[in-house]
Amino acid sequence: MSEVQHFDGALITVPFGTGEPRSTVTEQYQSLLKEYNPEDILVITGSPTSMETFREELKDIAPGSAVPRVTSLVVQATDVVNQTDNRAILSDAMRRELVHRFLEEQEWDSEHFRRAAEQLSFVSDIAQLMETATWQDVSFEKTSELVEVAELVEAFHEWLDDHNHLERGQLITEANAALSETEERDDVVDAEAVLAVEFEEFLPLDRRYLATVADGLELVCVAEENASVRRTWIEPGPITDYVSFSRTESTARTAPPSRPAATGAYLATETVHEDPEAGEVNVIPTETADEQIKKVADEIERLRDRENWDYEDFAVALKQSGSAVIETLRAFQQTGVPTESTTVTGFGDDPAIRELLQVVRYLAADDDDARTELLEASVLDESILASIEQMEGLSSPLRRWATESNMKVRIAEETSPLNVRAQFGNVQRAFAMAEFVEDTPFIETTWESFATMLERAHEYAPQQNQTSSTELDGGVRVDHLQAIKNGSFRAVFLLDIVDEEYPGSPSLTRLFPQERLSEMPDYPGVTQVDAEDVTNTFPTSSTASSRPFRRYHAEHARRRLAIGATAAGDRLYFCLYNHKDTALEERAQPSRFITDAYRQLPWVKEATESEIRSERRAEEYLLSRVDNALADVRRSHSQDVTVSLDEVEAELSEIQHLLSESGNRGEQLRDALQARIEFAAGGVRRD
C-alpha cells in the first residue's frame, strides 16, 4: 500500500445505495455558503461525466442568479495549464496519431515486445499502456518490459515538449507542478473553499493534486462507501486506507428509498433490505443479443406514452466503454430512438468521412491509373477535384470540396436528424486534423501524410474516451456504467447481463497473458493481489475461485452493476439473452449476479411483453398480421383447417383504412404489404 496522505480538512463518508451522496453534497455546499460566496467555492468531481449531475443538484441552492462553480479534476487542471503553459494540448485523435508516428521506428530491447510487435494490434496496445501510465503518473521499476515502456513515455514527452505539445494525460501532473511553483497560485486557483465529491474515486495522482489545489483553503471531501470503480481498478481497499483527515464523520445509515436502490445495495454489499415498495426491478430476457435493443426501444416508447416521460429520463448502460457503446448507439439509431453519450463515436462508419477520405486518397495518389481506379469506385466530381488540386495546403482544398460539392446540404437532406449533428462534428474534426498537419513542422504537409492520418483515425474510430466532458444534447443516455455513476434517471436498462460479461474475464491489456499480469506488481492496475486485498475491498463473495486475481475482478464487475442499479429512480431493467449471435448459437448463461439477486430479492421480476407503442413495433405487427392471414389461407388447402374468409377480409379492410389515413407513411406500408402478398403468391419484385 502507498504512503498514507494527510489532508487538513474534513472527510464525510456515506453508505451505499441510500441516495446520500447527492444530499450530503447539497448539505455541505449549503454549509459553505454560510461563510463564502458561491464564486469562492470550488466543487471538484472525480470525473467529467459527473459535472452536470452535481451542477444541476446545486444550481437551485446558490443565492440569486449565482451559478455553482462545478468542475472536475482534469477540467480544472486544463484551466491551470492554459493559464501557466504555452504548449498546445493535443486532442485524443492528434495524440494517437503522433504516438503511432513516434513508435514506427522503435527498436525493442525486450524479447517479449519483439515477438509481440508482429501483431497488428501491438502499436495500439503499447500506445494505450503509455497513455494509462501517463494519466496515473506511475513509476515502472520492477518489470523489465514496463521499465522499457517508462523510458518510452519519457522520450515521447520530451519529443512532444521539443515541439511545444502536451498530451492530455499530462495535464494533472503539469498543473500540479505549475501550482507548486508559481507565485501567482492564488490568482490561478481563485477560491477560498473546495468541496471534493466522488472522493472514493480519486487516484494517487488526483489526491496529490487535490492537496496542492486546496492548500490553505477550507476542504471538505465526500466519499461513498463500497462505490469505487475507477480507483479500485488501480488500487485495492477503501479510500480510507490511503488518506487521513483532520476531521472525519459518517452519515447515518438509512434504508434505500426504492427497489432499484435496494437492488444496488444488495449487489454492492450483499445486504438484503426490506422491500421499499417504491419503484420496479424487472428482468427482460431475449433470444439473442440483437433483440435486446428492440425490446428496450419498445419499453422506452411504452413508458413515454404511459408515463409522459422524456427521452432524457432514460439511460442504457454497458460494462465497457469504446466499441460496445458505439455499436449500441448505432443499433438505437436504427430504432428511431434519439440518443446521447459521453463516448465519442469517431469516424468509423460516417459516410461524410468516407467521402473526404476518398477525396484525400485521390489527391494523394501518385499516378493516373490509381486515380482512375479511385474515381471508378466512387462518385467524386472530377471537375471539383481538378480545381482543388491546384490549391495550396490541405484544409482550404478540403473546405472548398465541402462547399462546391454541397456536402452540408447533402448531409442535412440524406441523413436522419439523429445523425446530422454527429456528421457535421466529424467533418469539422477532419478539417481540424488537416490544419494540425499544416501547422506541425515535423509532419509533412502532403496529401500522402494526411491520408495516413485520416485513415488511421477512421480505422481506430472506436476508442475509449478518458477525457470526456462532452456536452449532452438530449436523448436516451447510452454509455458505460462508470459514466452514469451518480446520475439520476427514471429508468435504467443494464444490457448483456450474462456470465460472459458479468463477471466475464479481466481485460487489462492484450500485451501480456493473464498469468504474467498477475505476477507484475508495478502494472498500472490491480494485478498482484491476495485474499486479504479481496475481502478488504469488497464485502461481497460471488465466486468460489481460489485465485485472488480472478475473485477480485469478479467482485469488481459486480460493483459496476451496483453502480448502474442505483442510477435508476423508478425502474431498473436487467436485460439478458439466451443465445449468442454466432453461427453456432451458443447458449448464454444468465449472470450469476442476477441469478443470485433473483433468489434473494422478491421484488425482482420478469418483465411482461410490451404493448405496441413504437412505430417500428406497429409496422412489424401490421406486416405479421398479413403474413399470418396468408399462412392460414395456405394451410386450409393442405390441412383440415377452417378459415373464416369474412374475418380475414374484415381485418385486411381495417388495415387498408388505417393506411389510407396515414399519408406518405401509409403509402410506403401499402407497398410493403403488396410486396408481401405478391411474394406469398410466388411473385418477386425487384423495385
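What comes next concerns the included structure. (Residues numbered from 1 in each chain as written. Predicted model: local features only at pLDDT ≥ 70, side-chain atom pairs only at ≥ 80, totals over all residues. Heavy atoms only, no water.)

Let's shift gears to the overall build of the protein. A tally of helices and strands in the protein yields 27 helices and 15 strands. A fraction of 76% describes how many contacts in the protein between residues 6 or more apart in sequence connect residues 24 or more apart. (Helix = DSSP H or I, 4+ residues; strand = E, 2+ residues; numbered from the N terminus. Contact = heavy atoms within 4.5 Å.)

The phi torsion of most residues other than glycine is negative, and most of the peptide bonds are trans. Here the amide bond leading from Tyr502 into Pro503 is cis, since omega sits at 10 degrees, within 30 degrees of zero. Within the element layout of this structure, Pro503 appears in the loop between strand S13 (489-494) and helix H21 (514-517). Non-glycine residue Asn164 carries a positive phi angle of around 65 degrees. The phi dihedral of Asn406 is positive, around 60 degrees, even though this residue is not glycine.

The next thing to look at is the sheet that holds strand S6 (residues 193-196). Taken in spatial order, the six strands line up as S3-S2-S6-S7-S1-S8 in an open sheet, and their pairing is parallel. Each edge of the open sheet carries a strand with a single partner, namely strand S3 (69-72) and strand S8 (243-250). For this sheet, the mean inter-axis angle between neighbouring strands, taken without regard to orientation, is 25 degrees. Bridging between strand S1 (residues 5-14) and strand S7 (residues 218-224) involves five bridges; their strand directions are parallel. Paired with Ile12 across the bridge in S7 is Val222. (Pairing = 2+ DSSP bridges. Axes fitted to C-alpha atoms, helices over the stretch in contact; angles between N-to-C directions.)

A separate point is the side chain of Arg259. Mapped onto the secondary structure, Arg259 falls in helix H11 (residues 259-269). What makes Arg259 buried here is its relative accessible area of 19%. (Buried < 20%, exposed > 50% of the residue type's maximum accessible area, 1.4 Å probe, protein only.)

Next up on the list: the nonpolar core. Ranked by internal contacts, the top residues of the largest apolar core, which has 68 residues, are Ile126, Met130, Leu398, Trp401 and Phe450. The dominant element in this core, judged by the number of residues it contributes, is helix H14 (residues 351-364), at nine residues. Beyond its immediate stretch of four places on either side in the chain, Phe450 contacts Val360, Leu394, Leu398, Ala430, Met433, Ala434 and Val437. If you look at the next biggest cluster of nonpolar residues, it comprises 37 residues, including Phe16, Val281, Ala315 and Leu601. (Core = buried A, V, L, I, M, F, W, Y, C linked by side-chain atoms within 4.5 Å.)

Turning next to the sheet that holds S13. Pairing within the open sheet is parallel, and its seven strands lie in the order S11-S12-S10-S13-S14-S9-S15. Two strands close off the open sheet at either side, each with one partner strand: strand S11 (339-340) and strand S15 (604-606). Looking at chain direction, strand S10 (residues 314-318) and strand S12 (residues 476-480) are connected through four bridges and run parallel. Counterpart to Val316 in the pairing with S12 is Val478. Sitting on the sheet, helix H12 (residues 289-307) is in contact with strand S9 (280-288), S10, S12, S13 and strand S14 (568-579), with an inclination near 155 degrees to S14. This element, helix H13 (residues 323-335), spans S10, S11 and S12 of the sheet and lies at about 160 degrees to S12.

What follows deals with the pairing of S14. Alignment of S9 against S14, held across eight bridges, turns out to be parallel. Its bridge partner lying in S14, Ile284 is registered against Cys575. Looking at chain direction, S13 and S14 are connected through five bridges and run parallel. Counted as the bridge partner of Leu494 is Phe574 from S14.

Further remarks concern the packing of aromatic side chains. Under the defined criterion, the tally for this structure stands at 15 aromatic pairs. When the centroid spacing of 5.3 Å and the interplanar angle of 85 degrees are considered together, the rings of Trp108 and Phe122 count as edge-to-face. In this pair, Trp108 is assigned in the loop between helix H4 (92-103) and helix H5 (111-116) and Phe122 in helix H6 (residues 122-136), connecting sequence segments 14 residues apart. According to the relative accessible area criterion, Phe122 is buried, its value standing at 4%. A centroid spacing of 5.2 Å and a plane angle of 50 degrees characterise the contact between Phe199 and Phe202, whose relative ring orientation is tilted. These aromatic residues form a ring-pair network of at least three members: Phe7, Phe199, Phe202 and Phe245. Against the face of Tyr311 rests Arg304, its NZ or CZ located 3.8 Å from the ring centre. (Phe/Tyr/Trp six-rings, centres within 6.5 Å; stacked < 30°, edge-to-face > 60°. Lys NZ or Arg CZ within 6 Å of the ring centre and 35° of its normal.)

Under the definition given, this model contains 37 salt bridges. Between Arg101 and Glu97 there is a salt bridge whose closest N-O contact spans 2.5 Å. Remark: Glu97 and Arg101 occur in helix H4; sequence separation between them is four residues, near one turn of the helix. Using a relative accessible area of 22% as the deciding quantity, one classes Arg101 as partly exposed. Three or more residues joined by partner-sharing salt bridges are found here, namely Asp85, Arg87, Asp161 and Glu174. (Salt bridge = Lys/Arg side-chain N within 4 Å of Asp/Glu carboxyl O.)

Negative charge collects at one region of the surface, where Glu104, Glu105, Glu107, Asp109, Glu151, Glu154, Glu158 and Asp162 lie side by side. Its location among the elements puts Glu151 in helix H7 (residues 144-162). The exposure class assigned to Glu151 is partly exposed, which follows from its relative accessible area of 48%. (Patch = residues over 30% accessible without salt bridge, like charges linked within 9 Å, V, L, I, M, F, W, Y side chains within 5 Å. Areas by Shrake-Rupley, 256 points an atom, 1.4 Å probe, with all protein chains shown as cover. Lys, Arg positive; Asp, Glu negative; His and termini not counted. Charge placed at Lys NZ, Arg CZ, Asp CG, Glu CD.)

The next point concerns the side chain of Ser341. Structurally, Ser341 is set in the loop between S11 and H14. Within the structure, Ser341 has its side chain in polar contact with the backbone oxygen of Val478 (distance 2.7 Å). Only 3.4 Å separates the side chain of Ser341 from the side chain of Asp479, close enough to count as a polar contact. (Polar contact = N/O pair within 3.5 Å; in protein donor to acceptor, adjacent residues only side chain to side chain.)

Another point: the packing of H11 against helix H23 (residues 548-566). Closest axis-to-axis distance for the H11/H23 pair is 8 Å, and the angle between their directions is 165 degrees. Compared by their axis directions, H11 and H23 come out roughly antiparallel. At the point where H11 passes H23, the crossing takes the left-handed sense. Here Pro260, Ala261, Gly264, Tyr266, Leu267 and Ala268 of H11 lie close against H23, whose contacting residues are Arg558, Leu561, Ala562, Ala565 and Thr566. (Parallel < 35°, antiparallel > 145°, perpendicular 65-115°, else oblique. Left-handed = near helix turned anticlockwise from the far one by under 90°.)

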